[in-house]
Amino acid sequence: MYGNEVKKILVVIIGAFLNAVAMNFFLIPANVYASGFTGVAQLLSSIVGSFAPFNVSTGILLFLLNIPVTIIAWKKVGKSFTFYSFFSVILMSLFMEIIPLTRWSPDILLNAVFGGVIAAVGVGITLKYGASTGGMDIIAMLLSRKKDKPVGTYLFLLNGIIILSAGAIYGPEKALYTLVTLYTSTRVVDAIHTRHEKLTAMIITKQSEELKEAIHAQLVRGITRLPAKGAFTNESKEMLMIVITRYELYDLERIIQEVDPHAFTNIIETSGIVGTFRRE
């Protein structure tokens, strides 16, 4: 139990550090914008620096933007997920203040690609262990729950605002390189974790009763129990079928590992749900 929490904290720290490195070494020096609230904070920092007599760092703006979202998420999403997500935001903001802005390459394309890849690795491993980098990811999830549409639709629309704003203020070239960063980061996150909103887990186990109770103790999800029989061994087992959100995947994997390490689990993407599905 404590080992999992320590591992989760370490992963969040590493993810926040990688995001800060991507911003301060690649994206900010090249004036290429990241996705999500990080990109919004970066854009606001650029606008303030250009049109106001003072400067506000991207790290501070990122922290301030996430405060109202965290309050909403605490009530609507869940305390554990929100805590680790805001913890990630605090660490990223702190790292961005500590790490000096350094331009490693004058090539804007290299900065766009490497910044997007490094940031995506940080986001991907954070999502994989049951947290997020906060901000727009949480907003998209809340909108997706309410309207029951894919989370990618909202992320695309919200990130589209960043691209258009960058193009309108700093020219079409910045918008195009920002698009390269967003595409690169999305592909890397997809490779590390799934950005599909809903997933179906099919668990073949001999300990169906214990596993059912353990899942119900931590996840408020319906479970369908089906008889199963091994074709090679002829052993009688049961299959537990459960539909979850991507944010619950880490918790489900942890529960299965603790209760029945020998269980066979197949995780597939779910394109839609017809019927009752808890969204709160």
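Participant: So what exactly am I meant to see when it comes to the overall build of the chain here?
Facilitator: Each helix and strand in the chain was counted, giving 10 helices and 4 strands. The contacts of the chain with a sequence gap of at least 6 include a subset with a gap of at least 24, amounting to 76%. For the chain, the computed accessible surface area is about 14,200 Å², with 66% contributed by carbon and sulfur atoms.

Participant: Where do I start with the packing of helix 9 (residues 208-218) against helix 10 (residues 249-259) in this structure?
Facilitator: Direction vectors running N to C along helix 9 and helix 10 enclose 145°, while the axes themselves pass 10 Å from each other. As helix 9 runs across helix 10, the sense of the crossing is right-handed. Along the contact surface, helix 9 presents Glu210, Leu211, Ala214, Ile215 and Gln218, while helix 10 presents Leu252, Arg254, Ile255, Ile256 and Val259. Grouping the amino acids of the contact of helix 9 with helix 10 by side-chain chemistry returns 7 nonpolar, 1 polar and 2 charged.

Participant: Explanation requested: the side chain of threonine 126 in the structure shown.
Facilitator: With respect to the helices and strands, threonine 126 occurs in helix 5 (residues 108-128). Taking the relative accessible area as the measure of exposure, threonine 126 reaches 0% and is therefore buried. Within the local environment of threonine 126, its side chain forms a polar contact with the backbone oxygen of glycine 122, the two atoms lying 2.6 Å apart. Each residue touching threonine 126, except ones within four places of it in the same chain, is listed here: Val11, Val12, Gly15, Ser88, Ala131, Ser132 and Thr133.

Participant: How should the pattern of salt bridges be read in this particular structure?
Facilitator: Think of it this way: side chains of opposite charge can pair up when their charged atoms draw near. In total, this model carries 6 salt bridges according to the counting rule given. Where glutamate 238 meets arginine 225, a salt bridge forms, and the shortest distance between an N and an O atom there is 2.9 Å. Pair noted here: glutamate 238 is in strand 3 (residues 236-245) and arginine 225 is in strand 2 (residues 223-229), with a separation of 13 residues, a long-range link. Classification of arginine 225 by relative accessible area gives partly exposed; the value is 33%.

Participant: Hey, could you run me through the nonpolar core in this one?
Facilitator: The tendency in soluble globular proteins is for nonpolar side chains to be buried as a group. In terms of nonpolar packing, the biggest core is built from 45 residues, with Met23, Val32, Leu62, Met92, Phe95, Met96 and Ile99 touching the most fellow members. Secondary structure elements with two or more residues in this core: helix 1 (2-30), helix 2 (36-51), helix 3 (58-76), helix 4 (79-98), helix 5, helix 6 (136-147), helix 7 (151-170) and helix 8 (172-192). In terms of nonpolar packing, the next biggest core, distinct from the first, is built from 16 residues, Ile215, Ile242, Leu249 and Ala263 among them.

Participant: Sorry if this is basic, but what is going on with the packing of helix 3 against helix 4 here?
Facilitator: A pair of packed helices can be characterised by two numbers: the angle between their axes and the separation between those axes. In contact at an axis separation of 9 Å, helix 3 and helix 4 are set at 175° when each is read in the N-to-C sense. When the interaxial angle is binned, helix 3 and helix 4 end up roughly antiparallel. Judged by residue contacts, Thr58, Gly59, Ile60, Leu62, Phe63, Asn66, Ile67, Thr70, Ala73 and Trp74 of helix 3 engage Lys79, Thr82, Phe83, Phe86, Val89, Ile90, Met92, Ser93, Met96 and Glu97 from helix 4. Here the residues of the contact of helix 3 with helix 4 are counted per class, giving 12 nonpolar, 6 polar and 2 charged.

About the cut-offs
Residues numbered from 1 in each chain as written. Predicted model: local features only at pLDDT ≥ 70, side-chain atom pairs only at ≥ 80, totals over all residues. Heavy atoms only, no water. Helix = DSSP H or I, 4+ residues; strand = E, 2+ residues; numbered from the N terminus. Contact = heavy atoms within 4.5 Å. Areas by Shrake-Rupley, 256 points an atom, 1.4 Å probe, with all protein chains shown as cover. Axes fitted to C-alpha atoms, helices over the stretch in contact; angles between N-to-C directions. Left-handed = near helix turned anticlockwise from the far one by under 90°. Nonpolar A, V, L, I, M, F, W, Y, C, P; charged D, E, K, R; others polar. Buried < 20%, exposed > 50% of the residue type's maximum accessible area, 1.4 Å probe, protein only. Polar contact = N/O pair within 3.5 Å; in protein donor to acceptor, adjacent residues only side chain to side chain. Salt bridge = Lys/Arg side-chain N within 4 Å of Asp/Glu carboxyl O. Core = buried A, V, L, I, M, F, W, Y, C linked by side-chain atoms within 4.5 Å. Parallel < 35°, antiparallel > 145°, perpendicular 65-115°, else oblique.

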